[in-house]
4 protein chains.
Amino acid sequence: MLNIGIIGAGRIGKVHAESITYHVKDARVAAIADPFISEDTSLWAKSLGIHNIYTDYKDILKDESIHAVLICSSTDTHADISIDAIRAHKHVFCEKPISQDLGEIKEVMEALKDSDVKYQVGFNRRFDHNFEAVRKAVNDGQIGDIHIVKITSRDPDAPPIEYVKVSGGMFLDMTIHDFDMVRYLTSSDVVEVYAMGDCLVNPVIKDVGDIDTAIITMKLANGAIAVIDNSRKADYGYDQRAEVFGSKGQVAVTNDTNSTAVISTASGVTGEKPLYFFLERYMASFSKEVSLFVRSIIDNTEVPVNINDGLQPVLIAKAAKKSIDENRPVLLSEITM
Amino acid sequence: MLNIGIIGAGRIGKVHAESITYHVKDARVAAIADPFISEDTSLWAKSLGIHNIYTDYKDILKDESIHAVLICSSTDTHADISIDAIRAHKHVFCEKPISQDLGEIKEVMEALKDSDVKYQVGFNRRFDHNFEAVRKAVNDGQIGDIHIVKITSRDPDAPPIEYVKVSGGMFLDMTIHDFDMVRYLTSSDVVEVYAMGDCLVNPVIKDVGDIDTAIITMKLANGAIAVIDNSRKADYGYDQRAEVFGSKGQVAVTNDTNSTAVISTASGVTGEKPLYFFLERYMASFSKEVSLFVRSIIDNTEVPVNINDGLQPVLIAKAAKKSIDENRPVLLSEITM
Amino acid sequence: MLNIGIIGAGRIGKVHAESITYHVKDARVAAIADPFISEDTSLWAKSLGIHNIYTDYKDILKDESIHAVLICSSTDTHADISIDAIRAHKHVFCEKPISQDLGEIKEVMEALKDSDVKYQVGFNRRFDHNFEAVRKAVNDGQIGDIHIVKITSRDPDAPPIEYVKVSGGMFLDMTIHDFDMVRYLTSSDVVEVYAMGDCLVNPVIKDVGDIDTAIITMKLANGAIAVIDNSRKADYGYDQRAEVFGSKGQVAVTNDTNSTAVISTASGVTGEKPLYFFLERYMASFSKEVSLFVRSIIDNTEVPVNINDGLQPVLIAKAAKKSIDENRPVLLSEITM
Amino acid sequence: MLNIGIIGAGRIGKVHAESITYHVKDARVAAIADPFISEDTSLWAKSLGIHNIYTDYKDILKDESIHAVLICSSTDTHADISIDAIRAHKHVFCEKPISQDLGEIKEVMEALKDSDVKYQVGFNRRFDHNFEAVRKAVNDGQIGDIHIVKITSRDPDAPPIEYVKVSGGMFLDMTIHDFDMVRYLTSSDVVEVYAMGDCLVNPVIKDVGDIDTAIITMKLANGAIAVIDNSRKADYGYDQRAEVFGSKGQVAVTNDTNSTAVISTASGVTGEKPLYFFLERYMASFSKEVSLFVRSIIDNTEVPVNINDGLQPVLIAKAAKKSIDENRPVLLSEITM
């Protein structure tokens, strides 16, 4: 039985704590830490059987009985906590992105060099049933050589403007999942990026220097071309689709819905909207990614999403931002750490 | 070039005249007859290049240059005109049903016995792209032995009550197409029928002794079970579906629509309603059935829908009516001519 | 926190034990009883934190700390255990069917008369997301008055012949869920039944006096007509669909699949088969039905599936069997307890 | 009755001749001209009732009874014949593209300046039922302001290499339809283009200086972003889809198929592949575009696809080619005539 400490008791920290308690075999949440932990959160933690509740994550790192930590704190703290945890010989599952700063990611990579701790990054969508089915079809050779990859990723609504300000920009905050998806579905790296974007949803987002709508085109190392289309607001809900087209055919996945119900009336033939947002849509992926993290520790195998998988989407996001700023295609090799 | 005479210049007669003119190879409409032909209809006929316009169909039968006739007059005249045409050595395409009266059908069969004219019945849905695809899958053995056949057939709106009164009842007027479809899809005959029906759409239909909603179950000679569900009024339009389920799987067809457009908004994900009614839905089948009739004359081959195919659905409809009246399963062998 | 005892540690007993442990709030499994409990099952029970493991279910009934029992034993024991549990003042969740014998069900009803225990029957499909969506659309008036109900229910493969022998026949064993579904979707009772059935999947099933393929037509108290089509073996998997058609339109649900992946190649455009069988397809419904049972105890409200809901499908199944045997429509009022 | 002369008796000329004969009201084909007209073609023309068959198109232009011409000859002759026809006061329907050379298009525009002849360009896909439905939803305001346009356009197989050599390149030959579609669906012009492309289908295409796979991103005058993905070879057939996403939702269309048949077996749930190629997929659009051309002549109204609509996609194609060559986004204003 693996003892896990959760660092950060916000929304995603709570999701992981419940998911581990109810769905992850061979692991339990032994401690949780958050500098601003509330009375309610403490009660919630106790109801899950988590008895060690701290304000300082270092208390978790000091606890000899803890085998691994999940870093669910704010993004700006991920790198420092990662390094502290690695030095304390705790296996680390770090929410995405590791950092908005490449130098910080480099430091985490350095810390890992002389260490045997497992380090997994929280790209949960890799463990979604639909995207797994796409990757399986690709890997099974059903579509032949990959020619074109298309990802549609649209949020149901733009985040609050205060969040947008500190988000690092749409590419680092939202598209980063789609950049990872391109790599996951193709098992290939991105070589060059061209992004066309604008602020079409909410002009205030432009005022704070960000965009809300974009199409990003990428050349991959395997010769394929990928394209992502993003919007911060799809009125019909959370739109999460992917297609991989190749020499023998195509595999495509569309949205999940609450039911298969189709209502036919004089107004038309109407099905349900996509599941509302990432917690509904990707809930099963959160327990699956941690289950595999736990397995890789117990079996001493490779983690399914390693630190390079954490780094690459940040590089692509930086290249995409540079492309928007300079209105030209940008090579990933131009982005230096 | 086959010269065709059309008997009856109502809606379906006009459909056939236009369809032959524009879409049927090796045939042309040389004459049309209707006792109540209007000035407008005469002009329309001339615009199609039909120069022989009669009020008496016998003028068509006398015309030596006419090779074949299409009987598109009212149902009660089908049998008599059929017999006259057969005796005049004209090939006959007769709209369905041949007659509501089994004795009359028998007389037509008698007339055909000593004749070499082709006689085809107008079960046009056999020539619809969707139902052809079902039959092909069945005949290709893709679903194995047939176990269950399901047909959904619902009109977009009930006909005028004056029409209902003379229609011969829903089974002879509407379900007759579905009875034929069961035979077409399975290449088997119906042995026994049980019908459950009621008047749920419009109580006035009940007042004139008819029903508007029914489920009819049938045992087939090949051992399969078939079920038809009918309604005179589907608020979302003309609902025409079929499924054949067997030992190796199932083939199913659904409705055609005007376009594949799907509109996703805050209200839901909405596609188009089915094509409105039989002229829109089955237009291509009208030219195809006549093309094959023309081919069978030119090539001297079997017609695709023969007089027995015209008789059987009438027998099934009579058995279904008897089943409703007596609330019991009825063998087809109980229906005597 | 409600303490639950599970009687019967077979497949469904285990499903409920795990489901309660991980997914049902305010309840825990405190004891389990099975006359043939194995070492493995005991270990499994302990791993779930179930420390009271008995061979005699009466030990559970004697335990004052137990509030409710789930009867998951073989069907022939359901009634007796139900009565014992009611007398022991335990709330009862009984797997379907209560009994194949109407006299036994009557006895359970008698036992309940002077009791205030809750008694719920395990028609889990009522709590499936798809069927809930159909009922919601119907109850919200989206389809108007109900005219036609259609249920397709086909198993992926026939059960072992030894099971068939003791199953009580396909109607009591398999169709019983569909009979309940008709009542659930329409909020109406069945008045008359006509069944057409045969043995098309496996002739050995016929040898033991059962059928494997059927179409059952029903008249409902609200005037609607319902039809169920059943097969013991659909080669493409577990086929579970429903449609309700009414004066304003139709609501339909189709199968769930493992993913939305569609693969387009030279061979065609292929999606996934339905989820394989009831454990995969209906897993979420098992925890939901027990959650609602627990809520009805805690809140002292009506159970969502009461003993009459348990009785009616058995009556319909008996009428359907009588209909097959006598080849005639059978009124439910003919089936006497 | 409008008399039409067809110039060019190749595949598309024949399609138009048959389509006008059978489906276009108020018009007939009075003459056809082709320098290499065969005996077979002459016989075919006569069977359609076309009695004036020339080798020199100027014979058509001299014929006073001819009101309009359809230019269906090879692309390099379109501009010269257009100018000759305009000068001969014939209304002109010119197949796309008017020319691969912007100077030639300019000359046609000059010739039109002092003329009152109608001049329509053959972008037939504008008259396809699916794309019309998209445009209608957009114009009806159902999706609000346009943010993102996505077009998938993939041929079932690459053309012969001899054709590729003279095609003007994939953008002018194939994507030109998609460039027009972007303008049609959005009623907006393209301002800037970035294209990423490669030769992934057949390396011989690269040898002759062309590409076979591309993703083209465009900024539109209305602020929206559009993206086209192209392949010369989709193994599953002719893939023709479009989506328009806006502030209130999305409208999307997918491929047409021969039937709605879905076959479910142990291998999966399989529907039909898209209709094979443009003649099957877009046949109805060919008669519709000419019908509207005829109407615009008779009613003296604007043609639905004018010479600027013919020019713009050529400009976009040139910009896309320049973008590929220089690996940078290219403004349409950089492309000079």
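Residues numbered from 1 in each chain as written. Chains lettered and ligands numbered in written order. Predicted model: local features only at pLDDT ≥ 70, side-chain atom pairs only at ≥ 80, totals over all residues. Heavy atoms only, no water.

### Re the overall build of chain A
- Within chain A, the regular secondary structure consists of 11 helices and 15 strands.
- By the compact-globule yardstick of 20 Å for 337 residues, chain A fits well, its C-alpha radius of gyration being 20 Å.
- Dimensions of chain A, computed from the C-alpha atoms along their principal axes, are close to 55 × 55 × 45 Å.
- Taking all 337 residues of chain A together, 60% fall into the buried category.
- Expressed as a percentage of contacts within chain A between residues at least 6 apart in sequence, the contacts between residues at least 24 apart total 71%.
- For chain A, the accessible surface area stands at approximately 12,600 Å², while carbon and sulfur atoms represent 50% of it. (Helix = DSSP H or I, 4+ residues; strand = E, 2+ residues; numbered from the N terminus. Rg over C-alpha atoms; globule rule 2.2 N^0.38 Å. Buried < 20%, exposed > 50% of the residue type's maximum accessible area, 1.4 Å probe, protein only. Contact = heavy atoms within 4.5 Å. Areas by Shrake-Rupley, 256 points an atom, 1.4 Å probe, with all protein chains shown as cover.)

### Focus on the interface of chain A and chain D
- With 41 residues of chain A at the contact, the number on the chain D side is 41 residues.
- A buried area of about 3,200 Å², summed over both sides, lies between chain A and chain D, and 65% of it is on carbon and sulfur atoms.
- Across the chain A-chain D interface, the total number found is 6 salt bridges.
- With its nearest N and O atoms 2.6 Å apart, the salt bridge here joins R241 of chain A to E243 of chain D.
- For the pair chain A and chain D, the number of links is 15 residue pairs in polar contact (both at pLDDT 80 or more).
- Elements with a minimum of two residues in the side of chain A that touches chain D: β7 (146-154), β8 (190-198), β9 (213-220), β10 (225-231), β11 (239-246) and β12 (249-253) of chain A. (Buried area = accessible area lost by both parts, 1.4 Å probe. Salt bridge = Lys/Arg side-chain N within 4 Å of Asp/Glu carboxyl O. Polar contact = N/O pair within 3.5 Å; in protein donor to acceptor, adjacent residues only side chain to side chain.)

### Considering the relation of the copies chain A and chain D
- Mapping chain A onto chain D calls for a rotation angle of 180° and an axial translation of 0.0 Å; the resulting RMSD is 0.0 Å. Here the copies are linked by what is in effect a two-fold axis. Rotation axis and chain A: the residue whose C-alpha lies nearest the axis is R328 of chain A, separated from it by 2.8 Å.
- In this assembly the copies share their binding face: 100% of the residues contributing to the interface of chain A also contribute to that of chain D. (Least-squares fit on C-alpha atoms with pLDDT ≥ 70 in both.)

### Some points on the relation of the copies chain A and chain C
- When chain A is brought onto chain C, the operation consists of a screw motion whose angular component is 180° and whose axial shift is 0.0 Å, with 0.0 Å RMSD remaining.
- Interface overlap between copies: 96% of the residues of chain A at the interface are likewise at the interface in chain C, consistent with a symmetric, same-surface contact.

### Digging into the domain arrangement of chain A
Residues and elements named next belong to chain A.
- Partitioning chain A into domains gives domain 1 (2-117) and domain 2 (129-281 + 312-334).
- On a C-alpha basis, the centroid separation for the pair domain 1 and domain 2 is 28 Å.
- Domain 1 puts 8 residues into the contact, and the matching count from domain 2 is 12 residues.
- Roughly 820 Å² of surface becomes buried between domain 1 and domain 2 when both sides are summed, with 70% attributable to carbon and sulfur atoms.
- In terms of surface lost to domain 2, no three residues of domain 1 exceed K96, Q100 and L102, which account for 61% of the buried area on that side. (Domains from an automatic or database assignment.)

### Observations concerning the sheet that holds strand β4 (residues 68-71) of chain D
Residue and element names in this part refer to chain D.
- Strand order in the open sheet formed by 6 strands is β3-β2-β1-β4-β5-β6, and the pairing between neighbours is parallel. If you trace the sheet from one side to the other, it starts and ends with β3 (52-54) and β6 (119-121), each paired once. On average, each strand axis in the sheet is tilted by 25° relative to the strand beside it, whichever way the strands run.
- Judged from the 4 bridges that link them, strand β1 (residues 2-7) and β4 form a sheet pairing that is parallel. Among the inter-strand pairings, G5 is bridged to a residue of β4, identified as V69.
- Packed on one face of the sheet, helix α10 (residues 278-298) meets β1, β2 (27-33), β4, β5 (91-94) and β6 and runs near 160° to β5. (Pairing = 2+ DSSP bridges. Axes fitted to C-alpha atoms, helices over the stretch in contact; angles between N-to-C directions.)

### Focus: the interface of chain A and chain C
- If you look at the interface, chain A gives 28 residues, while chain C gives 27 residues.
- Counting each side, the surface lost to burial between chain A and chain C is near 1,900 Å², with a carbon and sulfur contribution of 50%.
- Looking at the side of chain A facing chain C, the largest losses of area belong to Y22, T260 and I263 of chain A, adding up to 28% of the total buried there.
- Where chain A touches chain C, the interface holds 0 salt bridges.
- Where chain A meets chain C, there are 10 residue pairs in polar contact (both at pLDDT 80 or more).
- The greatest single-element share of the side of chain A that touches chain C, amounting to 5 residues, is contributed by β12 of chain A.
- Looking at the side of chain A that touches chain C residue by residue, the classes come out as 10 nonpolar, 14 polar and 4 charged.
- In the sheet, β12 of chain A pairs with strand β13 (residues 262-265) of chain C via 4 bridges, with the strands oriented antiparallel. (Nonpolar A, V, L, I, M, F, W, Y, C, P; charged D, E, K, R; others polar.)

### Quick look at the side chain of T217 of chain C
- Residue position: T217 of chain C is located in strand β9 (residues 213-220).
- When its relative accessible area of 0% is taken as the criterion, T217 of chain C is described as buried.
- Of note is the side chain of T217 of chain C, whose polar atom sits 3.2 Å from the side chain of T217 of chain B.
- With residues near it in sequence (within four places) discarded, T217 of chain C still touches M196, I215 and T217 of chain B together with E192, V193, Y194, I225, A226 and V227 of chain C.

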